[in-house]
Each structure stands twice: as C-alpha cells, then as structure tokens.
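Residues per chain are reported as follows:
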Amino acid sequence: MLQNYKNVELVKPGGLELKDRLVGVQRVTKVTKGGRAFGFSAIVVVGDENGVVGQGLGKSKEVAEAISKAVEDAKKNLVRIPINKGTVPHEQKGKYGGARVFLKPASEGTGVIAGGAVRAVLEAVGVHNVLSKSQGSSNPHNVVKATFDALLQLRSPNTIALQRGISLDKVFNG
C-alpha cells in the first residue's frame, strides 16, 4: 500500500511510546463438512500521538490473540504524518474501496469532529482539531485505509517549499 506514495517516511517502533486503539473485531465463520468453525478478525491502530501512526490486521481463533497479532502488524507499518499546530496542514481527500474520507483543518478548540474508525486514526496520529466527513462504505477496514490514504498524501509547508524551490514565506504569502 505504501509504495504508491512519495515522501512517505517509514518509522521504526524502537524508543516510541505507542498507544493502541482497537477499531473493530469481527467474528468470521468458515463452514466445513463438520460444521461451522468460528474465528475472529481484529483491526487496530497504533500511534504515539505525535505524528507517527500505523494500522494492522490480526486473525485468530481467540479475540485476545487476534488483537495482539493486529498490534504487532501495526507496529510493522508505522509512518510519519505531518501535523501543523495540532491539525492537518491542508484539506485532503482519501479513498479506498467504497470508502471516501475528507479531512479539513480546524482552528484551535474545535476538537476531532470525526466518527468511528476515522476518529481512532486521527487521535492515534495526534491530531486535536480537525473536521472530517466519511462517505460511502462504513466498513471499518476500508474507512481506516481511506483515512491513511488521505494522511499519506498530506505535505508539510517545508516539503512544499522544497519541492517548489521557494522560501517558506512565499508558500504562505505568495
């Protein structure tokens, strides 16, 4: 999933104080000739609430084991997201499958205006003020991946200045 993005910085989990948030647990069933075999699928988001976030999926016959597998998977997929004064630097849309997510910067004191899976990702990354809209599919797997799509497309003002070959003043005043 990450190979489609430029400027994505992968992060090693060592030395980070990561907090995990459970987004969803689903009971899945496999029908065999001997009956039904039940299992569990868990999706988890981990982050240091300071710009580093990752998401993971775990599957097992037990709920606790599925969650722990998801946390381990999420720690292998950590990325750094640019945050500007507690919010996203600019408006951004993300999509994955049938899910669409729209993120918009908000002024100080607004809070995280987001629901369900989008809220979990934004709080894990450390965004405190943002407006968001989730459209289309409400499947938590697709919503989390759509939110990551939007976050991975974000660019900091410094990155924009470097790419354009201009000073930081001209990015804001130009």
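Overview of the structure. (Residues numbered from 1 in each chain as written. Predicted model: local features only at pLDDT ≥ 70, side-chain atom pairs only at ≥ 80, totals over all residues. Heavy atoms only, no water.)

### Focus on the pairing of strand S8 (residues 130-136)
Put simply, the rule reads: DSSP calls a pair of strands paired once it identifies at least 2 bridges connecting them. Strands are runs of DSSP state E lasting at least 2 residues, helices are runs of H or I lasting at least 4, and numbering of each runs from the N terminus. With the strands aimed away from the viewer, a crossover counts as right-handed if its path from the first strand over the helix to the second runs clockwise.
Taken together, the seven bridges between strand S6 (residues 99-105) and S8 define a ladder with antiparallel strand orientation. Looking across to S8, one finds that Leu-103 is bridged to Ser-132. Both strand S7 (residues 112-113) and S8 contribute to a ladder of two bridges, which runs parallel. Within S8, the residue paired with Ile-113 across the bridge is Leu-131. The handedness of the S7 to S8 crossover, carried by helix H2 (residues 116-125), is left-handed.

### Details of the pattern of salt bridges
Which entries qualify depends on this criterion: When a carboxyl oxygen of Asp or Glu is within 4 Å of a side-chain nitrogen of Lys or Arg, the pair counts as a salt bridge. Each residue is assigned to one of three classes by its accessible area relative to the maximum for its type, calculated with a 1.4 Å probe on protein chains only: buried under 20%, partly exposed between the two thresholds, exposed over 50%.
Scanning all chains against the criterion turns up three salt bridges. Between Lys-19 and Glu-49 there is a salt bridge, and its shortest N-O distance comes to 3.4 Å. Taken together, the residues span a long stretch of sequence, with Lys-19 in strand S1 (residues 19-32) and Glu-49 in the loop between strand S2 (35-47) and strand S3 (52-60) at a distance of 30 residues. Residue Glu-49 is classed as partly exposed on the basis of its relative accessible area, which comes to 38%. The shortest N-O distance in the salt bridge between Arg-119 and Glu-123 comes to 3.1 Å.

### Some remarks on helix H3 (residues 140-152)
Spelled out, the test is: Here a helix's expected span is defined as the number of its residues, less one, multiplied by 1.5 Å. What qualifies as a polar contact is a pair of N or O atoms within 3.5 Å, subject to a donor-acceptor requirement within protein and to the restriction that residues adjacent in sequence count only when both atoms come from side chains.
The end-to-end C-alpha separation of H3 is 18 Å, in line with the 18 Å expected for 13 residues at 1.5 Å each. Within H3, eleven of the 13 residues are buried, which leaves the element mostly enclosed by the surrounding structure. Among all positions of H3, only His-141, Asn-142, Val-143, Val-144, Ala-146, Thr-147, Phe-148, Asp-149, Ala-150, Leu-151 and Leu-152 are buried. With a side-chain oxygen positioned 3.0 Å from the backbone nitrogen of His-141, the residue opening H3 is Asn-139.

### Regarding the environment of Val-88
Selection criterion: Any two residues having at least one pair of non-hydrogen atoms within 4.5 Å are treated as being in contact.
By the secondary structure assignment, Val-88 is in the loop between strand S4 (79-80) and strand S5 (92-96). Among the residues examined, Val-88 registers a relative accessible area of 2% and is labelled buried. Along the primary structure Val-88 and Val-45 are separated by 43 residues, whereas in three dimensions their C-alpha atoms are 18 Å apart. Apart from the residues within four sequence positions on either side, Val-88 is in contact with Lys-104, Pro-105, Val-127, Val-130, Leu-151 and Leu-154.

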